[in-house]
Amino acid sequence: MRPSLPFLLLSASLASMPALALSPPCNSGHVYEDRDGDGRFGEGDQALAGVAVSDGETVVRTDARGAYSLPVLDGRTVFVVKPAGYRFPSRPDGLPDFWRQVQNTPGPVLKYGGIAAEFPACRDFALQKDTRGPGQLDVLVFGDPQPQTARNVQHFDRGIVEAVRIAHSVPTSAEGEPEYSPGAAGDLGLTLGDVVHDDLSLYPAMKRATVRLGLPWLHLAGNHDLDFDAARDEDSLRTYRANYGPDTLAWEEHEASFVLLDDVVYRPGQSPDYIGGLREDQFAFLEAYLPTLPHDRLLVVSAHIPFFDPVPGRESFRRADRERLFALLEDFPKLLLLTAHGHVQRHYWHGPADGWQGRSPLHEYNVGATCGSFWSGVADAAGIPDATMADGTPKGWSELSVRQDGRYGLRWRTPDPAFDRSGMALHAPKVLRRGAYPAFGVFANVFMADTDTRVEFGWTAATGCRCARWSGPTLACWWRTCSMIVPTACAVTTVRPRPRIPATCGAAACPPPWRPANTGSRCAPSTAGVANSARA
């Protein structure tokens, strides 16, 4: 059929019009204070200058108009470094909204989805004023939640998240039952990797459980969070990043600056198929970002795999990477390392043998596993497995408290009220026959102990029980405990005041065998090492 004259005229007119240009991919935008809370940068909002924005390698700062611009590089996750005194609004899944993906073309096909391709439009990031002022920062730390199944996610939700809520519940009235208020457990949450155990489809359920605590929560990836069908390390965290954002990031509070590093280097086809270490893009980020940080507040560097080698002579973290990282950190006088991975709990003090050349030993707290021994063991009445770790530490979580001057305290918490109050497990015969051969030991498994932790005990007749003094466990000088251990029918009790960071931390405030660190900001053991149990 021949086209009609009007159609011919219309075709000719369209052909004579210039082609409409499509907007190019954009990796720019603004960072602003969202004063009206509408989620759009508009009239009445305040542009924020000097805020760091990064793609995990390059770091830029917003200008006077709050504007930033980064290269459009496929596969990058762009994030804003939260400045102290502000907070991010929440994403639909409840996590803080501080990142976006740049994936213009489809990435590799992965079992659990990876990062979906989407045209990169310009992106503004909103911040809001934080009502919390400077003072004390309280941080919840989860190491290795690691559910293998949906049932394990329920164990995490009912056994850990609910335990945290109960531990931080308070009565709303004189007669009322204790209730949990969102955010009551602290000001920030950290998960130090192995969010799940290989089944990445469990991520949404884990997010739903974690956000019930009502805290801004940051995550790290572990060796069980990998896309194992990825052909190279660069693509091995695509599904993780689609759910939790950047694998390397920074976050700033009044009292502390946080740097979170993915230190799992995936090596498909090799045995073992991963090792601890850092990538070149991460070092580029650190070299650009660390010099901008103030030295008068604590710097917390977090990762999944420990920076030390648990088995002497067997390299689990690449020594060259550790030495290079330590060289970037050695000028920071107030510094703490947080790691997980081992499903045991220990404290390690880095020195020259590890490549640390700082003025005092560098404290690494290797946090115990939230899942304990992989959600195994005898279940309680609620169906939650005992899951005691190999070193005797019960499953649980850690609480980090940081003062504005950089001093910090650590405490291990557990769902078991008795262990939670005492901070240790006591093993002794309940009754001893008078005159019996002395073949029975009294063991105190101190969950936060170090090699220099001192345990003292005493006993009397069943009718004259008394409390014997015990100093420890401590990594900050605020931890004191008095406990009674009697190998008779007398009950074992432990009394501990609520952890408190003292006004001063000098020699008088640090009980023997502890000493003030050279910085004067915390107490440290007199020698380096690792331990968490003692036999008396």
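(A) Fine view of the pattern of salt bridges. Under the definition given, this model contains 28 salt bridges. The partner of Arg165 in a salt bridge is Glu162, with the nearest N and O atoms 3.7 Å apart. Placement of the pair is Arg165 and Glu162 together in helix α2 (residues 150–167), with a separation of 3 residues, close to one helical turn. The exposure class of Glu162 is partly exposed, given its relative accessible area of 28%. One salt bridge in this structure joins Arg279 and Asp247, with 3.1 Å as the shortest N-O distance. Here the residue Arg279 occupies a position in the loop between β18 (274–276) and α5 (280–289), and Asp247 occupies one in the loop between α4 (238–244) and β15 (249–252), the gap between them amounting to 32 residues. Both residues of the pair, Arg279 and Asp247, belong to the buried class. Each of Lys82, Arg132, Asp187, Glu253 and Glu255 takes part in salt bridges that share partners, so that together they form one network.

(B) Examining the environment of Gly377 more closely. Topologically, Gly377 is positioned in the loop between β22 (362–366) and β23 (397–403). Each C-alpha atom, one on Gly377 and one on Ala387, is 5.1 Å from the other, the two residues being 10 residues apart in sequence.

(C) Highlighting the packing of α5 against helix α6 (residues 319–329). Their axes nearest at 11 Å, the elements α5 and α6 cross at an angle of 10°. Classified by the angle between their axes, α5 and α6 sit roughly parallel to one another. Of the residues in α6, those touching α5 at Glu280, Phe283, Leu286 and Glu287 are Asp321, Arg324, Leu325 and Leu328. Tallied by class, residues from the contact of α5 with α6 come to 4 nonpolar, no polar and 4 charged.

(D) Quick look at the sheet that holds strand β3 (residues 52–54). The sheet built from 4 strands is open, its strands ordered β4-β3-β6-β8 with antiparallel pairing. Each edge of the open sheet is held by one strand with a lone partner, namely β4 (59–61) and β8 (99–102). On average, each strand axis in the sheet is tilted by 20° relative to the strand beside it, whichever way the strands run. As paired strands, β3 and β4 are joined by 3 bridges and run antiparallel to one another. From the neighbouring strand, Ser54 faces β4, where its bridge partner is Val59. With respect to the sheet, α5 is in contact with β3, β4 and β6 (76–80), its orientation differing from that of β4 by roughly 35°.

(E) Region of the structure containing the packing of aromatic side chains. Under the counting rule described, the total for this entry stands at 17 aromatic pairs. Ring geometry for Phe419 versus Phe447: centroids 5.7 Å apart, planes at 80°, classification edge-to-face. Of this pair, Phe419 sits in helix α7 (residues 417–422) while Phe447 sits in the loop between β26 (443–446) and β27 (468–470), and the two are 28 residues apart along the sequence. Judged by its relative accessible area of 29%, Phe419 falls in the partly exposed class. Three or more aromatic residues link up through ring pairs in this structure, and these residues are Phe79, Phe285 and Tyr289. Over the ring of Trp99 we find Arg91, and its NZ or CZ is 3.6 Å from the ring centre. The residue whose ring lies beneath Lys207 is Tyr244, and the NZ or CZ to ring-centre distance is 5.5 Å.

(F) View of the environment of Asp157. Mapping Asp157 onto the fold places it in helix α2. Sequence-wise, Asp157 and Ala209 are 52 residues apart; in three dimensions their C-alpha atoms are separated by 5.4 Å. Residue contacts for Asp157: discarding those within four places in its chain leaves Glu162, Ala209 and Arg212.

Reading the values: rules and limits
Residues numbered from 1 in each chain as written. Predicted model: local features only at pLDDT ≥ 70, side-chain atom pairs only at ≥ 80, totals over all residues. Heavy atoms only, no water. Salt bridge = Lys/Arg side-chain N within 4 Å of Asp/Glu carboxyl O. Helix = DSSP H or I, 4+ residues; strand = E, 2+ residues; numbered from the N terminus. Buried < 20%, exposed > 50% of the residue type's maximum accessible area, 1.4 Å probe, protein only. Axes fitted to C-alpha atoms, helices over the stretch in contact; angles between N-to-C directions. Parallel < 35°, antiparallel > 145°, perpendicular 65-115°, else oblique. Contact = heavy atoms within 4.5 Å. Nonpolar A, V, L, I, M, F, W, Y, C, P; charged D, E, K, R; others polar. Pairing = 2+ DSSP bridges. Phe/Tyr/Trp six-rings, centres within 6.5 Å; stacked < 30°, edge-to-face > 60°. Lys NZ or Arg CZ within 6 Å of the ring centre and 35° of its normal.

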